[in-house]
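# Structural characterization, general
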Number of protein chains: 2
Amino acid sequence: MIRARREALGCHSLIRGDCLSVMRRMPIGSVDVVVTSPPYNLGLAYRSYKDSLSEENYLTWMEAICRKIARVMRDDGSFFLNIAGSSAQPWLPFELMVRLREIFNLQNHISWVKSIAVGEITYGHFKPVNSSRYVNRNHEHVFHLTKRGDVEIDRLGAGVPFTDKTNIPRRQHGEDRRCRGDTWYIPYETVRSKTARFSHPSTFPVALPERCIRLHGVRSDMVVLDPFMGTGTSLIAAESLGVRGIGIESDTGYVRIARKRLRSMLQQTG
Amino acid sequence: MIRARREALGCHSLIRGDCLSVMRRMPIGSVDVVVTSPPYNLGLAYRSYKDSLSEENYLTWMEAICRKIARVMRDDGSFFLNIAGSSAQPWLPFELMVRLREIFNLQNHISWVKSIAVGEITYGHFKPVNSSRYVNRNHEHVFHLTKRGDVEIDRLGAGVPFTDKTNIPRRQHGEDRRCRGDTWYIPYETVRSKTARFSHPSTFPVALPERCIRLHGVRSDMVVLDPFMGTGTSLIAAESLGVRGIGIESDTGYVRIARKRLRSMLQQTG
DNA sequence: AGAGCCGCTGAATCCTTTT
DNA sequence: CAAAAGGATTCAGCGGCTC
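Here's a quick rundown of the structure. Since this is a predicted model, take the numbers as computed values, not measurements.

This next bit is on helix α3 (residues 92-100) of chain B. The element α3 of chain B is extensively covered by neighbouring structure, given that seven of its nine residues are classed as buried. Buried within α3 of chain B we find Leu 92, Pro 93, Phe 94, Glu 95, Leu 96, Met 97 and Leu 100 of chain B.

Right, let's get into the pattern of salt bridges. Residue and element names in this part refer to chain A. Applying the stated rule across the entire model yields 31 salt bridges over all chains. Close ionic contact of Asp 32 with Arg 74 constitutes a salt bridge, the shortest N to O distance being 3.5 Å. With a gap of 42 residues between them, Asp 32 in strand β3 (residues 31-36) and Arg 74 in strand β4 (residues 73-83) connect regions that are remote in the sequence. Through salt bridges with shared partners, a single ionic network connects Asp 32, Arg 74, Asp 76, Arg 219 and Asp 221.

A few words now on the interface of chain A and chain B. Contacts between the two partners involve 56 residues from chain A and, on the opposite side, 55 residues from chain B. Summing both partners gives a buried area of about 5200 Å² for chain A against chain B, and 56% of it is carried by carbon and sulfur. Contact with chain B buries surface across chain A, with Trp 91, Arg 101 and Val 135 of chain A losing the most and accounting together for 14% of the total. Across the contact surface, chain A and chain B share four salt bridges. In this structure, Arg 101 of chain A engages Glu 95 of chain B in a salt bridge whose closest nitrogen and oxygen atoms are separated by 2.7 Å. Our count for the contact surface shared by chain A and chain B stands at 38 residue pairs in polar contact (both at pLDDT 80 or more). At the level of elements, α3 (92-100), β5 (105-113), β6 (115-118), β7 (121-124), β8 (139-146) and β9 (183-185) of chain A are the ones that each hand at least two residues to the side of chain A that touches chain B. Considering each element in turn, the side of chain A that touches chain B owes the most residues, eight residues, to β5 of chain A.

Residue and element names in this part refer to chain B. Its place among the elements puts Ser 13 in strand β2 (residues 12-16). For Ser 13, a relative accessible area of 6% corresponds to the buried category. A distance of 3.4 Å separates the side chain of Ser 13 from the side chain of Arg 244, its partner in a polar contact. Once residues within four sequence positions are removed from consideration, Ser 13 is found in contact with Arg 6, Glu 7, Leu 235, Arg 244, Gly 245, Ile 246 and Gly 247.

All names here are of chain A. Evaluated as defined, the whole model comprises zero disulfides over all chains. Between Cys 19, a free cysteine, and Cys 66, which holds the nearest cysteine sulfur, the sulfur-to-sulfur gap is 9.5 Å. Relative accessible area serves as the criterion here: at 4%, Cys 19 is assigned to the buried category.

Glancing now at the packing of aromatic side chains. For the coordinates displayed, the defined rule picks out 13 aromatic pairs over all chains. On the numbers, 5.6 Å between centres and 10° between planes, the contact of Phe 94 of chain A with Phe 94 of chain B is stacked. Within this pair, whereas Phe 94 of chain A is found in helix α3, its partner Phe 94 of chain B is found in helix α3, the two belonging to separate chains. Across the pair, Phe 94 of chain B and Phe 94 of chain A agree in class, each one buried. Each ring, one from Tyr 58 of chain B and one from Trp 61 of chain B, has its centre 5.8 Å from the other, and the planes form 55°; the classification is tilted. Of the two residues, Tyr 58 of chain B and Trp 61 of chain B are both situated in helix α2 (residues 52-72); the distance of three residues between them amounts to about one turn of the helix. By relative accessible area, Trp 61 of chain B is classed as buried at 14%. Members of the aromatic cluster, connected to one another through ring pairs, are Phe 94 and Phe 143 of chain A together with Phe 94 and Phe 143 of chain B. Cation over ring: Lys 114 of chain B sits above Trp 112 of chain B, and NZ or CZ is 5.2 Å from the ring centre.

Moving on: the relation of the copies chain A and chain B. Rotating chain A by 180° and moving it 0.0 Å along the rotation axis overlays it on chain B with an RMSD of 0.1 Å. Given the turn and translation reported, the copies of this chain are related as if by a two-fold rotation axis. Within chain A, the C-alpha atom positioned nearest to the axis of rotation is that of Phe 94 of chain A, 2.5 Å from it. Most of the interface of chain A is mirrored in chain B, where 98% of its interface residues again form contacts.

A word on the side chain of Ser 78 of chain A. Residue and element names in this part refer to chain A. On the secondary structure map, Ser 78 appears in strand β4. Within the structure, the side chain of Ser 78 is placed 2.7 Å from the side chain of His 216, a separation counted as a polar contact. Among residues more than four places away in sequence, those in contact with Ser 78 are Asp 32, Val 33, Val 34, Met 73, His 144, Leu 145, Thr 146, Val 151 and His 216.

Residues and elements named next belong to chain B. Running from N to C, helix α6 (residues 207-216) and helix α7 (residues 233-240) cross one another at 50°; their axes reach a closest spacing of 8 Å. By the angle class used here, α6 and α7 are oblique. For the crossing formed where α6 meets α7, the hand is right-handed. Judged by residue contacts, Pro 209, Glu 210 and Ile 213 of α6 engage Thr 233, Ser 234, Ala 237, Ala 238 and Ser 240 from α7. Counted by class, the contact of α6 with α7 contains four nonpolar, three polar and one charged residues.

For the rest of this paragraph, the subject is the packing of α3 of chain A against α3 of chain B. Axis separation between α3 of chain A and α3 of chain B bottoms out at 9 Å; the angle between their running directions is 115°. As for how α3 of chain A packs across α3 of chain B, the hand of that crossing is left-handed. Contacts from Phe 94, Glu 95, Met 97 and Val 98 of chain A in α3 of chain A reach Phe 94, Glu 95, Met 97 and Val 98 of chain B in α3 of chain B. In terms of residue class, the contact of α3 of chain A with α3 of chain B is made up of six nonpolar, no polar and two charged.

Basis of the calculations
- Residues numbered from 1 in each chain as written.
- Chains lettered and ligands numbered in written order.
- Predicted model: local features only at pLDDT ≥ 70, side-chain atom pairs only at ≥ 80, totals over all residues.
- Heavy atoms only, no water.
- Buried < 20%, exposed > 50% of the residue type's maximum accessible area, 1.4 Å probe, protein only.
- Helix = DSSP H or I, 4+ residues; strand = E, 2+ residues; numbered from the N terminus.
- Salt bridge = Lys/Arg side-chain N within 4 Å of Asp/Glu carboxyl O.
- Contact = heavy atoms within 4.5 Å.
- Buried area = accessible area lost by both parts, 1.4 Å probe.
- Polar contact = N/O pair within 3.5 Å; in protein donor to acceptor, adjacent residues only side chain to side chain.
- Disulfide = S-S within 2.5 Å.
- Phe/Tyr/Trp six-rings, centres within 6.5 Å; stacked < 30°, edge-to-face > 60°.
- Lys NZ or Arg CZ within 6 Å of the ring centre and 35° of its normal.
- Least-squares fit on C-alpha atoms with pLDDT ≥ 70 in both.
- Axes fitted to C-alpha atoms, helices over the stretch in contact; angles between N-to-C directions.
- Parallel < 35°, antiparallel > 145°, perpendicular 65-115°, else oblique.
- Left-handed = near helix turned anticlockwise from the far one by under 90°.
- Nonpolar A, V, L, I, M, F, W, Y, C, P; charged D, E, K, R; others polar.

Pasting the structure below:
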């Protein structure tokens, strides 16, 4: 067993190691927001990705991780879990949700819309699929899980302008801002712009964790954790909002990329 | 026990009765498409709608209905199930999906987007919720369930124009049409237009069942079934596509409204 | 203007295992 | 041993983007 390796970058922490054992050593109730996009096929050895045993293993593994997440989370913390179904595992997100019922409350369910056609106009990018039975996949789930179920959020933090401007004076805050709701249009970065940066199979757009943190509510002393840091998108989001981020990743190569991305961002801003 | 009462309207059938017992008498494998939006709080007596017993009852009841749906469906048929979570029952759609796993395959999962903000512009209407912990609900689920899991669908049937028109000559069909994907923007009818017609708590827009039927593929001899007809929106969709519809509804008042809607539509067209 | 690229593809095929 | 089942590899196609 390799010991976890921690490094500091600005106010952030990048930890190379297994998130399960790293979180076990973290202080209880020390994290405000957990935002992550867990990998499908990691953390366990399995034969075929279609057999039910591997799914069972995956779910058990994820459940264990989520218990550790609950452990390090504050009682008024938020856990944003990004996950998508696939044609091979269409039930996975739902099975997982049912399992997490004994650990968390499902406070909100956000649909991350990567592409949508409104009338004749298509917004966003998507990866077309060649099939006679499946349609293109243009959305993923973002589950907002909390320990208590009644965690106060900052609805206007990730808000949008009113369509009907007469609403502005009617609200006490007096801003042109309303709650966005649970459909979040965030286009995927294009293929090219992605390769131009750093390649990672499951890089979600930085706007996604940013919006999650904003929805929970930004405070200067808050801590954001991503147990599956990948190339560090969540840390980029934390840095852009001026809050402290902790990222855990087992793959050394990804940690290197995350370090590079975060460092170049820190140099730009200050 | 009141006997079911069947009436014909054009090529369609409106049946007043309990869908469970009505479907039991229908011929096996006689339906091409089932599209429905089941009610949350019907079909069983329950105390508080937050206690787990009532949820358990609801799920058991829904499971029984879905078994009957599978019975009357053709092997290459499609079942489009529209359901939404609520703040009181956020887990309901996922629990139901897990239960249905032993009856159906989940071939596609469509997100019905009622409203979405793209940049500064908001499309569609929504019912704002005043809460410090919940965001507005702007989407619902449409689960595409099939018996075999490999049912061929008409991806272009519910298609949209290409963004990049150079794709047109590249496709053999030569049309300006691509697969829409699994994010369906369908604005809800506004409050005004709803009350102006006929009131029903869970009336979905006619475009929703229409698009479902189109995605399955329209054939002149096909049969569409809605076991929870309500005010007959699915039958309106069937009629607009020129296919036969069967609607079952236990509430006499709703059957009356459905009859009226369908009749006025039949008079308009011919 | 047009050709090629890319993907937490899917279908088809090949090639192992089992019965 | 033939046949069937199923895993693993290959192929092909979608559709917006980039060159």
